[in-house]
Amino acid sequence: MTLEELVPCDSSKMQAVSEAVERVLVAAQRQDRLTVGVYESAKLMNVDPDSVVLCLLATDEEDEGDIALQIHFTLIQAFCCDNDIHILRVSGMQRLAAILGEPAPGAEPRDLHCLLVTNPHTDAWKSQGLAEVASYCAESRDKNQWVPYVCLQER
């Protein structure tokens, strides 16, 4: 039984968090505070882990058999836990691509499996959506679900 089967995608809490994640991603991309890609994310976390406030690990069912990706996810999750970075697993790669406008016309699609949202070292960028996602992550950890799951809904 997979996590997706245990956590329903249609609950009102899940939908609210999903919408908050979408708002955070749109705002972060607009403000150039989004790092996209497993390799790019690993580089940033190595250089400046204190700037990272949220890590999204995105997969769909077809990615579950990708052993290399699962190893990357395990290492990223361990790093995030050690550095008090909120982690969230998301499904709905097509919706994620739509939110981020992927692929850009004439460009190669980016690796959307790992996304980092960074925060400047000032309090200038406050986001209600980010607070909602962080609260969901904290509530999940309190229930011993260390990497909470959210299903991005197609629209």
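Residues numbered from 1 in each chain as written. Predicted model: local features only at pLDDT ≥ 70, side-chain atom pairs only at ≥ 80, totals over all residues. Heavy atoms only, no water.

An unreviewed UniProt entry lists the chain under the name Growth arrest and DNA damage inducible beta, with Aquila chrysaetos chrysaetos as the source organism. Under the UniProt heading Sequence similarities (unreviewed entry), the note attached to the chain is "Belongs to the GADD45 family." (UniProt positions renumbered as here; feature names shortened; annotations may be inferred.)

S.K.: Mind showing me how you'd approach the state of the cysteines here?
M.R.: What makes a disulfide is a covalent bond joining the sulfur atoms belonging to two cysteines. Summed over the entire model, instances satisfying the criterion amount to zero disulfides. There is no disulfide at Cys 80, and the cysteine sulfur nearest it, in Cys 55, is 3.9 Å away. A residue is classified by how much of its surface remains accessible, and Cys 80, at 0% relative accessible area, is buried. (Disulfide = S-S within 2.5 Å. Buried < 20%, exposed > 50% of the residue type's maximum accessible area, 1.4 Å probe, protein only.)

S.K.: What exactly am I supposed to notice about the pattern of salt bridges here?
M.R.: Two side chains that carry opposite charge are able to pair once their charged atoms sit near each other. Considering all chains together, one arrives at four salt bridges under this definition. With a shortest N-O distance of 3.6 Å, Glu 139 and Lys 13 are connected by a salt bridge. Of this pair, Glu 139 sits in helix α6 (residues 128-142) while Lys 13 is found in helix α2 (residues 12-30), placing the two residues 126 residues apart along the sequence. The class for Glu 139 is partly exposed, based on a relative accessible area of 32%. For Lys 13, a relative accessible area of 38% translates into the label partly exposed. Here Arg 23 makes a salt bridge to Glu 132, at a shortest N to O gap of 3.3 Å. Taken together, the positions of Arg 23 in helix α2 and Glu 132 in helix α6 put the pair 109 residues apart, joining distant regions of the chain. (Salt bridge = Lys/Arg side-chain N within 4 Å of Asp/Glu carboxyl O. Helix = DSSP H or I, 4+ residues; strand = E, 2+ residues; numbered from the N terminus.)

S.K.: Teacher, can you tell me more about the sheet that holds strand β2 (residues 52-58) here?
M.R.: Strand pairing in a sheet is mediated by backbone hydrogen bonds. Such pairs are either parallel or antiparallel. Reading across the sheet, the five strands line up as β1-β4-β2-β3-β5 and stay open at both edges, with mixed pairing between neighbours. Two strands lie at the open edges of the sheet, namely β1 (34-36) and β5 (149-151), each paired on one side alone. On average, adjacent strands in this sheet sit at an angle of 25° to one another, irrespective of strand direction. Here helix α3 (residues 38-47) sits on the sheet and contacts β1, β2 and β4 (114-118); the angle it forms with β4, its principal contact strand, is near 35°. α6 contacts β2, β3 (86-91) and β5 of the sheet and is inclined by roughly 95° relative to β3. (Pairing = 2+ DSSP bridges. Axes fitted to C-alpha atoms, helices over the stretch in contact; angles between N-to-C directions. Contact = heavy atoms within 4.5 Å.)

S.K.: Just to check I follow, could you spell out the pairing of β2 for this structure?
M.R.: The side chains of a regular strand alternate between the sheet's two faces. Taking burial as the measure, the seven residues of β2 include seven buried ones, the bulk of the element. Note: β2 against β4, five bridges, orientation antiparallel. Bridged to Leu 56 within β4 is Leu 115. With five bridges connecting them, β2 and β3 associate as parallel partners. Note that in β3 the partner of Leu 56 across the bridge is Leu 88. In this region the chain leaves β2, passes through helix α4 (residues 67-82) and returns to the parallel neighbour β3; the handedness of that crossover is right-handed. (Right-handed = clockwise from strand over helix to strand, strands pointing away.)

S.K.: Teacher, can you tell me more about the nonpolar core here?
M.R.: Across soluble globular proteins, nonpolar side chains show a tendency to be buried alongside one another. Ranked by internal contacts, the top residues of the largest apolar core, which has 31 residues, are Leu 25, Leu 88, Leu 96 and Leu 115. Where this core is concerned, the elements lending two or more residues are α2, β1, β2, β3, α5 (93-99), β4, α6 and β5. Of the residues forming this core, the biggest block, seven residues, is contributed by α2. Excluding residues within four positions of it along the chain, Leu 96 makes contact with Leu 25, Ala 58, Leu 112, Leu 115 and Leu 152. Counting 14 residues, the second largest nonpolar core, distinct from the first, contains Met 45, Cys 80, Ile 87 and Cys 114. (Core = buried A, V, L, I, M, F, W, Y, C linked by side-chain atoms within 4.5 Å.)

S.K.: Explanation requested: a nonpolar patch on the surface in the structure shown.
M.R.: On the surface, Ile 67, Ile 71 and Leu 75 cluster together to form a nonpolar patch covering roughly 320 Å² of accessible area. Position of Ile 67 relative to the elements: it lies in helix α4. Relative accessible area serves as the criterion here: at 57%, Ile 67 is assigned to the exposed category. (Patch = residues over 30% accessible without salt bridge, like charges linked within 9 Å, V, L, I, M, F, W, Y side chains within 5 Å. Areas by Shrake-Rupley, 256 points an atom, 1.4 Å probe, with all protein chains shown as cover.)

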